[in-house]
Amino acid sequence: MSVSKSRLPLIVVLATLALPLAARRLAADVRTPEAHFGFRMGADGRLATAEDIEKYFEEVASQSDRVKIVDIGATTEGHRTIAAIVSAPDNIRNLERIRAANQRLSDPRTLPADEARRLAATHKAVLAIGGGIHASEVGAAHAANELLYWLATAGDSGTLNILDNVVIILIPSLNPDGHRLVVDWYNKQKGTRYEGGPMPWLYHKYAGHDINRDAFMMNMPESRNLSRFFYTNWHPQVFLTMHQLETNGPRFSAPPNVDPIDRNHDPIIWREAGLLGSAMTLELERDHHSGVVSNAIYDYYWPGYEDSAPLGHNTVCLLTEVASVKVATPVTVSAGELRGSDRGVPDYKPRINFPNPWPGGRWTLRDIVDYDLSAVRGLLRAVALYRELIVQNFYDMGARAIEAGYQGGPSAFVLPAEQHDPSAARKLEELLLQGGVEIHRALEPFRADGDSYPAGVDIILMAQPYRAYVKTLLERQNYPVTRGAGGLPERPYDATGWTLPAQMGVDVRTITRVFDQPAMSRLTSATIAPAQVWTNRTPSYYVVDARGNGGAIAANRLLAAGLAPAWLTGEVDARGFKYGPGSLVVAATKAAPPVLQKIAVELGLRVDGLAGKPPAGTRPLARSRVGLYKSWVHNVDEGWTRWLLEQYEFPYKNIADADVRAGNLRAQFDVIILPSLPPHRIADGFSQDVAPPAYAGGLGDAGGRGLKAFVDSGGTLVSLDQAGGFAINTLGLPVRDVTRNLSRDRFFVPGSILRVEVDPAQPLAYGMNPHTAGFFAFSSAYEILSPAETATAARYGDKDVLLSGWLEGEQVIAGRPAVVQVNSGMGRVILLGFPVQHRAQSLATFRLLFNAILTSR
Ligand SMILES: [Zn+2]
């Protein structure tokens, strides 16, 4: 007894000191994914639920000292977004030190070059891997479980070397809400003829497939969470995002991508994408996975994807895509069905970037999992091998960005305090701050590029590590057109112009030359400068300056408070301030002051209380009953519109095909909004071959008759962008869209910012800047066939129509009506010919939609 008493503590101490933590926990403790889930990842017809994936990740973390779970943030519907941080036990114990060092590397102003070199010699590379942002692309979320198991348990020297050198942030699903919806729908349809078919709603509550196109705008919590995690916390040197592509093309697509590139980024970033992409494709070939392509399909131009916004933060982004199955249901593709792609694979034959075509056959979710795992193994090996270079490049890219900023051209962007739309300016500053951008406020007047600026303007200096990000978002795009066979322009993967100051209607000045900086303080949040309620003791009425998008919220709040607001149709002078048409007028009742005070403070809108008779020229406002059409064809434009209505405090009701077909719409609604969708989709929906009977068919003839009766009896029908074609056909409107059926060489605008002119004296344009900008993507311009029944509220510019991006065939739309009101029966149809609320990004033109609603009673 005495012997063991004296010996036991010693043994425990020795064991603790001598053995690495990993050895104290047996790999055998960690269950395989198959043991946890009850089926092998990728098994035909089997899907892991989001809850179960979370549980598995937690379970592995509780049993492995190589794994730590962190929360990235809550989703739109309040679910967790988790990440496993995986590395050698020693790195996991020192995670905070590694993170802090990485943060210093991300900002070379905090770390001298020689110190950075010393740090790079030992620092761990940080690699983030995410899957499932497009929730129906379920392969990566399943591969993630096997990847985690492998990294948590393997004892071979190759894996240990990876763990020693790399901190891996593994995010099984970037869209956990969508994963839930997809699994739920798939399981319900399983065993029916609709197994693996399209879900009749979006796989993100608002953004659907666009959830990966919100990365700079950050309207959705998912985007903000990832930005915070990346740009202010972890600063990964490399980010791999795993997607799936169509069934009949290449099996797997890896970087590098195709032209064009965004030339603001450091050339190193493309070379590293090429290096790491090749490491993935090499591993895939070694594993005998055929059908792998690179230099194809996807370009590097638009900055709004989850895998392009981080480029502006010096993170090397890698996009992979694997051929899809029907969610978890296998497909069979015959050799004859296989085809290449316009970009990079003109025909389905061996070529330098596609040396080993897949011959066709059965293709399963397990194949997707295998390809993903193979690619990740190649990537991990390369990141471990090139660790020091990757870390050093990350620092160098930041250093060069700062150096470029000091050279000017531009040296800064400046936002004057006085803005037409204070809420839009706030949103722009907010998204920049959320993107890790530094903004300063001038504390004294200064001069730059020959102009004088007062204290209080905001300055974005270009000498910051994320210079490329800011420059890309704020400058004008001159799209480098690429041409394919026959000299015809190639269609870009997404938009060609996005210039945020134009699209959002915010006054941002470019400072080209280096200037003497004034005293400044750094902004930590974006705010609206509160406005004042000017009044004497006994006003008889109030006027509210309702310009910009805040003006629509003001109208809705006054309506909600029962204050019976009216729109001013003329002008009112108050204490030297001129209120124009579209300003809001309310009687000076007891209930008014607190509501108005809140509007002035929160929305930055000036209010004046005035004595005497209220102005004669007003137009009363009433709360409209809004119906928002929701097709069973999942439609992101409906989701964005719905989100926008909620943000701007418009009550609404979604209406489905059957509601419209049932008629009697006028008794329920004042205005019905048709979100953008090709006219045949609105009319026909999905056929019964594709969607279950409850979700098949569109509005059909009965729906068309219902809408016509609605308009005839005084309703307002609003069509967004492509839905205009449906409205014109169905109601026989005397309007022709001049952009239809033109070949690419005559007219081609695949997503650009165009000059738009409005008359703010017209109610549809109330609150707008007369010279504004609209987003246009395969959109419409009109010829009016019967002027007596129509009014034009907005036109494209007469000349210099293109403000940013790419426009082929300006003369087709120059000066043409863009927004048209057609009177029909006792009601009207408002054709919004371009996406005025595009992805909730085009703040400059939101009011066209809002005013269409506000004028509908
Ligand atoms: Zn995708």
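Residues numbered from 1 in each chain as written. Predicted model: local features only at pLDDT ≥ 70, side-chain atom pairs only at ≥ 80, totals over all residues. Heavy atoms only, no water.

Peer 1: Please explain the overall build of the protein chain as it appears in this structure.
Peer 2: Tallying secondary structure elements over the protein chain gives 25 helices and 39 strands in all. Overall, the protein chain is about 100 × 65 × 65 Å in size when its C-alpha atoms are taken along their principal axes. Relative to its 857 residues, the protein chain shows a buried fraction of 61%. If you take every contact in the protein chain between residues at least 6 apart in sequence, the share linking residues at least 24 apart comes to 80%. When the accessible area of the protein chain is evaluated, it comes to approximately 32200 Å², of which 52% is carbon and sulfur surface. (Helix = DSSP H or I, 4+ residues; strand = E, 2+ residues; numbered from the N terminus. Buried < 20%, exposed > 50% of the residue type's maximum accessible area, 1.4 Å probe, protein only. Contact = heavy atoms within 4.5 Å. Areas by Shrake-Rupley, 256 points an atom, 1.4 Å probe, with all protein chains shown as cover.)

Peer 1: Sorry, what's going on with the coordination of the zinc ion here?
Peer 2: Where a metal carries four tetrahedral donors, each ideal angle is 109.5 degrees; where it carries six octahedral donors, the ideal angles are 90 or 180 degrees. With distances of 2.1 to 2.5 Å, the protein atoms coordinating the zinc ion are His-134 (ND1), Glu-137 (OE), Glu-137 (OE) and His-243 (ND1). Considering all four donor atoms around the zinc ion, angles at the metal cover 54 to 150° and the coordination shape is irregular. Each donor residue of the zinc ion lies on the same chain, and together they follow the pattern H-x2-E-x105-H. Placement of the pair is His-134 in the loop between strand 3 (125–131) and helix 8 (139–153) and His-243 in strand 5 (residues 238–245), with a sequence separation of 109 residues. (Donors = N, O, S within 2.8 Å, 3.2 Å for Na, K, Ca; no water. Tetrahedral: all angles 85-135°; square planar, octahedral: opposite > 155°, others 65-115°.)

Peer 1: For this particular structure, what's the right way to read the nonpolar core?
Peer 2: As a rule of thumb, soluble globular proteins bury nonpolar side chains together. In terms of nonpolar packing, the biggest core is built from 232 residues, with Phe-57, Leu-428, Ile-460, Ile-673 and Tyr-796 touching the most fellow members. Per element, the largest residue contribution to this core is twelve residues, and it comes from helix 13 (residues 365–385). In terms of nonpolar packing, the next biggest core, distinct from the first, is built from 29 residues, Val-660, Ala-691, Leu-699 and Ala-727 among them. (Core = buried A, V, L, I, M, F, W, Y, C linked by side-chain atoms within 4.5 Å.)

Peer 1: Help me understand unusual backbone geometry in this model?
Peer 2: Glycine aside, residues mostly have negative phi, and peptide bonds are mostly found in the trans state. Asp-259 connects to Pro-260 through a cis peptide bond whose omega is 0°. Counting through the fold element by element, Pro-260 comes out in strand 7 (residues 258–261). Of note in the backbone geometry, Asn-295 takes a positive phi value of approximately 50° without being a glycine. Topologically, Asn-295 is positioned in the loop between strand 8 (292–294) and strand 9 (299–300). Positive phi is not limited to glycine here, since Asn-741 has a value of about 60°. Assignment of secondary structure puts Asn-741 in the loop between strand 32 (735–737) and strand 33 (750–758).

Peer 1: Could you clarify how one ought to interpret the pattern of salt bridges in this entry?
Peer 2: If charged atoms from side chains of opposite charge come close, those side chains can pair. Counted according to the given criterion, the structure contains 44 salt bridges. Taking the shortest distance from any N to any O, the salt bridge between Glu-115 and Arg-104 comes out at 3.5 Å. Taken together, the positions of Glu-115 in helix 7 (residues 113–122) and Arg-104 in helix 6 (residues 95–106) put the pair eleven residues apart, joining distant regions of the chain. Using a relative accessible area of 30% as the deciding quantity, one classes Glu-115 as partly exposed. Accessibility expressed as a relative area gives 36% for Arg-104, which makes it partly exposed. For Arg-740, the salt bridge identified is with Asp-737, shortest N-O distance 2.9 Å. Here the salt bridges share partners, and the residues they tie into one network are Asp-107, Arg-109, Glu-438 and Arg-522. (Salt bridge = Lys/Arg side-chain N within 4 Å of Asp/Glu carboxyl O.)

Peer 1: Just to check I follow, could you spell out the sheet that holds strand 18 (residues 509–511) for this structure?
Peer 2: Two orientations exist for strands paired in a sheet by backbone hydrogen bonds: parallel and antiparallel. Across the sheet, five strands lie side by side as 18-13-17-14-19; this open sheet has antiparallel pairing. The open sheet has two edge strands with one neighbour each: strand 18 and strand 19 (520–522). Ignoring strand direction, the axes of neighbouring strands in this sheet form an average angle of 30°. The sheet contact formed by strand 14 (residues 440–442) and strand 17 (residues 458–461) spans two bridges and is antiparallel. Opposite His-440, over in strand 17, you have Ile-459 as the bridge partner. (Pairing = 2+ DSSP bridges. Axes fitted to C-alpha atoms, helices over the stretch in contact; angles between N-to-C directions.)

Peer 1: Even after reading the chapter, I still don't get the sheet that holds strand 25 (residues 584–587), so can you show me in this structure?
Peer 2: Within the open sheet, the six strands sit side by side as 20-26-21-25-22-27. Their pairing is mixed. In this open sheet, the two strands that pair with only one neighbour each are strand 20 (533–534) and strand 27 (618–620). This element, helix 19 (residues 592–603), spans strand 20, strand 21 (541–544), strand 25 and strand 26 (607–610) of the sheet and lies at about 15° to strand 21.

Peer 1: Before we go on, may I ask you to explain helix 23 (residues 700–712) in this structure?
Peer 2: Helical periodicity: at 3.6 residues per turn, an α-helix aligns residues three or four positions apart in one direction. End to end, helix 23 covers 18 Å across 13 residues, agreeing with the expected 18 Å (1.5 Å per residue, within 8%). Along helix 23, the positions that sit buried rather than exposed are Gly-703, Gly-704, Gly-706, Leu-707, Phe-710 and Val-711. One face of helix 23 carries all of its buried residues, which in axial projection span an arc of 160°. Across from the buried face of helix 23, at angles greater than 90 degrees, the exposed residues are Asp-701 and Arg-705. The secondary structure elements touched by the buried residues of helix 23 are helix 21 (657–661), strand 30 (671–674), strand 31 (716–720), helix 24 (723–731), strand 38 (817–824) and strand 39 (827–832). Gly-714 sits one or two residues past helix 23 and shows a positive phi near 105°. (Expected span 1.5 Å × (residues − 1). Arc of directions from axis to C-beta.)

Peer 1: Before we go on, may I ask you to explain the packing of helix 12 (residues 267–286) against helix 14 (residues 387–406) in this structure?
Peer 2: Helix-helix packing is described using two parameters, namely the angle between the two axes and the distance between the axes. Contact geometry of helix 12 with helix 14 gives a least axis separation of 11 Å together with a crossing angle of 160°. Classified by the angle between their axes, helix 12 and helix 14 sit roughly antiparallel to one another. For the pair helix 12 and helix 14, the crossing hand works out as left-handed. Contact residues: Ile-268, Ile-269, Glu-272 and Leu-276 in helix 12; Leu-389, Ile-390, Asn-393, Met-397 and Arg-400 in helix 14. (Parallel < 35°, antiparallel > 145°, perpendicular 65-115°, else oblique. Left-handed = near helix turned anticlockwise from the far one by under 90°.)

Peer 1: What is the right way to look at the pairing of strand 4 (residues 166–171) in this model?
Peer 2: Side-chain positions along a regular strand alternate between the two faces of the sheet. The element strand 4 is largely enclosed, with a buried count of six among its six residues. Pairing of strand 2 (residues 80–86) with strand 4 involves three bridges; the strand directions are antiparallel. Bridging across to strand 4, Ala-84 finds its partner in Leu-170.

Peer 1: Could you clarify how one ought to interpret the packing of aromatic side chains in this entry?
Peer 2: Ring pairs (aromatic) are described by centroid distance and by the angle formed between their planes. In the structure shown here, the tally under the stated rule is 35 aromatic pairs. On the basis of an interplanar angle of 80° and a centroid distance of 5.1 Å, the ring pair of Trp-363 and Tyr-371 is categorised as edge-to-face. Both residues of the pair, Trp-363 and Tyr-371, count as buried. On the basis of an interplanar angle of 75° and a centroid distance of 5.1 Å, the ring pair of Phe-748 and Trp-806 is categorised as edge-to-face. Of the two residues, Phe-748 is situated in the loop between strand 32 and strand 33 and Trp-806 in the loop between strand 37 (802–804) and strand 38; the sequence distance between them amounts to 58 residues. (Phe/Tyr/Trp six-rings, centres within 6.5 Å; stacked < 30°, edge-to-face > 60°.)

Peer 1: In this structure, what is going on with the environment of Ser-294? I would like to understand it.
Peer 2: Here Ser-294 shows up in strand 8. Ser-294 sits in the buried class, given a relative accessible area of 14%. If near-sequence neighbours (up to four positions away) are discounted, Ser-294 is found in contact with Ala-254, Pro-255, Pro-256 and Asn-353.

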